[in-house]
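Chain by chain, the residues run as shown.
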Amino acid sequence: MKRFRKVLIANRGEIAVRVLRALRELEIASAVIYSEADRDALPVLMADQAFPIGPAPAAESYLRMEAIVDLAVSIGADAIHPGYGFLSERAEFSALCRERGVVFVGPSPEAIGGMGSKVAARRRMIAAGVPVVPGSDGPLDDFDAARACAERIGFPVMLKASAGGGGKGMRVVRAAAELAEAYRLARAEAGASFGDDAVFLERFVERPRHVEIQVLGDLHGKVVSLGERECSLQRRHQKVVEESPSTVVGPELRRRMGEAAVAAASAVGYSNAGTCEFLLDAEGRFYFLEMNTRIQVEHPVTEMVTGLDLVVAQLRVAQGEPLGPEFEGVEPRGHAIEVRLYAEDPFRKFAPSPGRILWLRLPQGPGVRCDAGVYGGSEISIYYDPMIAKLIVWGRDRVEALRRLGRALEELRVEGIRTNVPLFEALLADADFRAGRFDIHWLDRKLGAGELAPVERAGLPDLPILAAAIAHYERAQSVAAVGGGAAGSRSRWRTAARRGGLRSGSWS
Ligand code: MV4
């Protein structure tokens with residue numbers, strides 16, 4: 001086992017910050033790459049070293065495989081952490097790292113490849129005894145094969161691109177009469193989008209939940225499951241809220257889904273962090289959909305209920321360390337909820353809201369974690385995903401977590417850009433959400449019907465000029481409180497400290 005001395009982070013934003021924190025705890029030197037749009041970004045300020053990698057468009061910067069590996073070699077980095085998105089799920093990149101003697105902090109190219117083709121993955125899952133949605137055995141050769149398969153499993157069915165994933169290249173077919181046209185379009189779309197026109201068919205599962213299982217594998221063949229995340233609250237395939245545990249998953253179902261996820265990962269020789277996505281129907285049956293071969297945005301909810309640090313674990317297993325006893329028989333403790341803060345305007349159809357953050361106050365306090373990739377003064381560009389931060393709360397139970405979420409959202413202030421916070425305020429006021437009654441279509445349906453109107457926050461003006469005035473006012477207040485004011489308004493903490501009553505060691 002070789003301990004890493006330096007790791008290069010091939011990512012940006014909050015996940016780059018997240019990885020930096022893990023590196024700091026492990027006393028591993030850090031380096032980041034950054035595009036021209038990210039010169040003043042938070043990870044660049046936090047890392048030990050930062051290297052420009054190209055212009056703002058990702059294709060010319062964060063996706064430059066050769067340049068990134070060359071850089072890692074030239075600066076003496078032992079490993080590359082890809083974060084999520086960008087190069088994180090590219091088998092060629094994992095292979096290129098291996099070729100050049102740099103550890104890829106993620107699964108092998110074989111494991112990524114083994115899950116990349118949905119048709120091949122389905123076959124492997126069936127062979128491994130992992131439940132999948134009833135459907136075609138392989139790619140559909142022609143329309144006759146599609147018709148025969150659809151008749152066998154019954155309508156409604158879903159046509160999916162083998163090279164798709166994450167909601168891309170899917171089509172619901174409700175009746176036999178629509179199949180011919182749908183089949184033709186699905187193949188043409190798959191060919192145009194992915195350069196691979198293979199499609200397959202599954203029975204369409206009505207109103208399921210999206211429940212995923214976190215897995216972690218070491219380089220010695222051991223794979224463990226770390227419980228589920230409920231991810232049904234999504235808008236147009238973009239997750240909005242995630243939680244753990246799921247309100248509909250009990251110990252028995254958790255154990256069975258965990259076993260299926262471990263079998264799925266083991267079937268492709270998986271190592272490092274990964275996630276098996278399942279559909280869970282109203283009768284409690286679950287079906288493997290696909291595997292995400294990376295650390296995910298929503299990993300913190302698992303961290304909050306397990307007490308584990310998944311990014312530290314990623315780095316440790318990538319160094320060759322075996323998974324220790326702390327990863328055995330992990331059960332969730334309490335309840336965690338994550339909301340994704342996006343720089344988008346919920347009052348304008350969630351249009352991106354780029355610009356400069358003029359004032360930022362991140363929430364703190366008991367049970368609150370905020371993973372942000374920005375600071376007050378950061379410029380949000382149009383080039384990348386609009387997620388600026390994640391707010392994660394923990395409570396002993398879901399009710400306490402919801403209370404803390406409400407309180408934390410009250411503390412949060414973002415001025416200068418629009419955010420989706422009003423959507424979370426609306427969710428917190430919704431009886432179905434509070435009761436955990438939802439499926440994967442619930443949010444789109446509610447928003448479409450206008451039943452979940454974003455809540456304008458009381459008295460908080462959004463005009464930049466007013467934000468500046470508020471900032472000025474707050475600064476004046478804090479100066480007054482610290483000593484500029486009358487005796488009666490002086491901080492009691494300072495007064496106590498002066499009297500000698502607040503020295504370290506004098507608490508008990
Ligand atoms: C499905 C499905 C219903 N039945 N497959 C969307 C993302 C991709 N991973 C698979 N997806 C779906 N596959 C069958 N057979 C419904 C979806 C789906 C979905 C799944 C998870 C989260 C959100 C979703 C939103 C719409 C459709």
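This text gives an overview of the structure that appears in the document. (Residues numbered from 1 in each chain as written. Predicted model: local features only at pLDDT ≥ 70, side-chain atom pairs only at ≥ 80, totals over all residues. Heavy atoms only, no water.)

### Points about the sheet that holds strand β8 (residues 199-203)
Where strands meet in a sheet, backbone hydrogen bonds hold them as pairs that are either parallel or antiparallel.
Here is step 1 of the chain: Pairing in this open sheet of three strands is antiparallel, and the strands run β7-β6-β8 from one edge to the other. The open sheet is flanked by β7 (168-173) and β8, the only strands paired with a single partner. The sheet shows a mean angle of 25 degrees between the axes of neighbouring strands, taken without regard to direction.
Here is step 2 of the chain: Lying over the sheet, helix α6 (residues 118-127) contacts β6 (157-165) and β8, oriented at roughly 105 degrees with respect to β6. (Pairing = 2+ DSSP bridges. Helix = DSSP H or I, 4+ residues; strand = E, 2+ residues; numbered from the N terminus. Axes fitted to C-alpha atoms, helices over the stretch in contact; angles between N-to-C directions. Contact = heavy atoms within 4.5 Å.)

### Comments concerning the sheet that holds strand β1 (residues 6-9)
Here is step 1 of the chain: Read across the sheet, five strands follow the order β3-β2-β1-β4-β5 without closing on themselves; strand pairing throughout is parallel. Of all strands in the sheet, those bounded by a partner on one side alone are β3 (49-54) and β5 (103-104).
Here is step 2 of the chain: In this structure, strand β2 (residues 29-35) lies alongside β3, joined through five bridges in parallel fashion. Within the sheet, the bridge partner assigned to Ser35 lies in β3 and is Gly54.

### Re helix α3 (residues 65-75)
Here is step 1 of the chain: Among the residues of α3, Met65, Ala67, Ile68, Val69, Leu71, Ala72 and Ile75 are the ones counted as buried.
Here is step 2 of the chain: Of the surrounding elements, those touching the buried residues of α3 are β1, β2, β3, β4 (79-81) and α4 (91-99). (Buried < 20%, exposed > 50% of the residue type's maximum accessible area, 1.4 Å probe, protein only.)

### Side note on the packing of aromatic side chains
Here is step 1 of the chain: Considering all chains together, one arrives at ten aromatic pairs under this definition.
Here is step 2 of the chain: Taking 5.9 Å as the distance between ring centres and 85 degrees as the angle between the ring planes, the aromatic pair formed by Phe93 and Phe104 counts as edge-to-face. Separated by eleven residues along the polypeptide, Phe93 in helix α4 and Phe104 in strand β5 bring together distant segments of the chain.
Here is step 3 of the chain: Overall, Phe93 belongs to the buried group, its relative accessible area being 0%.
Here is step 4 of the chain: On the accessibility criterion, Phe104 (7% relative accessible area) is buried.
Here is step 5 of the chain: Through a chain of ring-to-ring contacts, three or more aromatic side chains come together here, namely Tyr62, Phe86, Tyr383 and Tyr384.
Here is step 6 of the chain: The lysine or arginine in question, Arg209, covers the ring of Phe438, its NZ or CZ lying 4.9 Å from the ring centre. (Phe/Tyr/Trp six-rings, centres within 6.5 Å; stacked < 30°, edge-to-face > 60°. Lys NZ or Arg CZ within 6 Å of the ring centre and 35° of its normal.)

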